[in-house]
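Observations on chain architecture
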Amino acid sequence: MTKPTSSAPSQRMLRVGEQVRAAITQVLQRGEVRDEVIEKTVISISEVRMSPDLKMATAYVTPLGVKDHDTVIAALNKHAKYIRGRLGNQLRQLKYMPEVRFRDDTSFDNYQKIDALLRSPEVQRDLGSDEDQD
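Everything quoted here is computed from the prediction, not taken from an experiment.

**Considerations on the sheet that holds strand E2 (residues 56-64)**
An order of E1-E2-E3 is seen for the 3 strands of this open sheet, with the pairing classed as mixed. Both edges of this open sheet fall to strand E1 (42-50) and strand E3 (99-104), since each of them pairs with a single strand only. Averaged over all adjacent pairs, the angle separating strand axes in this sheet is 30°, with direction ignored. Sheet topology note: the E1/E2 ladder contains 8 bridges and is antiparallel.

**Let's talk about the packing of aromatic side chains**
Here the structure, examined in full by the defined rule, presents 0 aromatic pairs. Lying over the aromatic face of Tyr96, Lys55 brings its terminal NZ or CZ to 4.3 Å of the ring centre.

**What to know about the confidence of the model for the protein chain**
Across the protein chain, pLDDT averages 87, with 91% of residues at or above 70. Put simply, helix H6 (residues 121-133) is where the protein chain has its lowest mean pLDDT, 70, and E3 is where it has its highest, 96.

**Notes on the nonpolar core**
Counting residues in each nonpolar core, the largest one holds 28 residues, and the members touching the most others are Val20, Ile24, Leu76, Leu87 and Phe102. Elements supplying a minimum of two residues to this core: helix H1 (11-29), E1, E2, helix H3 (69-78), helix H4 (80-86) and E3. The greatest single-element share of this core, amounting to 7 residues, is contributed by H1. When residues no more than four places from it in sequence are discounted, the contact partners of Val20 are Val48, Met50, Ala57, Leu87, Leu91 and Pro98.

**Remarks on the side chain of Asp105**
Position of Asp105 relative to the elements: it lies in the loop between E3 and helix H5 (107-118). At 6.9 Å, Arg49 is the nearest oppositely charged side chain to Asp105, a buried residue that forms no salt bridge. Here the side chain of Asp105 touches Ser46 through a polar contact of 2.4 Å, side chain to side chain. There is a polar contact of 2.9 Å between the side chain of Asp105 and the side chain of Ser107. Excluding anything up to four places from it in sequence, Asp105 contacts Ser46, Tyr60, Val61 and Thr62.

Rules of the game
- Residue numbering note: each chain is counted from 1, following its sequence as written.
- Residues qualify for local features only when their pLDDT is at least 70, as the model is predicted, and side-chain atom pairs are given and counted only at 80 or more; totals for whole chains, interfaces and linings, by contrast, use all residues.
- The side-chain quantities take in all heavy atoms of the structure and omit both hydrogens and water.
- Think of it this way: DSSP has to see at least two bridges between two strands before they count as a pair.
- Secondary structure counts use DSSP, requiring at least four H or I residues in a row for a helix and at least two E residues in a row for a strand, with both numbered from the N terminus.
- Only the stretch in contact is used when fitting a helix axis, every axis being a line fitted to C-alpha atoms; angles between N-to-C directions are given from 0 to 180 degrees.
- Two rings from Phe, Tyr or Trp (for Trp, the six-membered ring) form a pair when their centres sit within 6.5 Å of each other. Planes less than 30 degrees apart are called stacked, planes more than 60 degrees apart edge-to-face, and all others tilted.
- Two thresholds decide whether a charge sits over a ring: the Lys NZ or Arg CZ must be within 6 Å of the ring centre and within 35 degrees of the ring normal.
- A residue's pLDDT is simply how confident the predictor is in it, with values from 0 to 100.
- Here the nonpolar core consists of buried residues drawn from Ala, Val, Leu, Ile, Met, Phe, Trp, Tyr and Cys, with membership extended through side-chain atoms lying within 4.5 Å.
- Per-residue accessibility, obtained with a 1.4 Å probe over protein chains only, is compared with the maximum for each type, and a residue is labelled buried under 20%, exposed over 50%, and partly exposed between these values.
- Note on contacts: a residue pair is in contact if any heavy atoms of the two residues lie within 4.5 Å.
- The charge count treats Lys and Arg as positive and Asp and Glu as negative. His and the chain ends do not count.
- Here, a salt bridge means any side-chain nitrogen of Lys or Arg that lies within 4 Å of a carboxyl oxygen of Asp or Glu.
- The term polar contact refers here to a pair of N or O atoms within 3.5 Å; inside protein, the definition further demands a hydrogen-donor-capable atom paired with an acceptor-capable atom, and it admits residues adjacent in sequence only when both atoms are side-chain atoms.

Listed below in structure tokens is the structure:
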């Protein structure tokens, strides 16, 4: 097998990542994890990135309606082995069950910063001068 020339994820990594995301979502929706913090929180899993060998899954999550994301992320990481065990029924086609890690998804914060910059008066002024020249 040849080594990929780019650092972009392969189609298989993307497909398995989406399957793992759906499986984790089902485990959390059914309330299989018995933790007060996790049970009280609505958790959105935006993406799961797989390692090239498909043995590590990094789930990017956003706890909705909670100020302290670190508490929820810590609770999820504490129960990561249990969640990994519950994924077996839905991911039977995999040779190895991936180890799951949870990380805070900060992409929405980045989008808000970019949006605020684009709406700032300085940028609007610059955009307005481009339209006047046309």
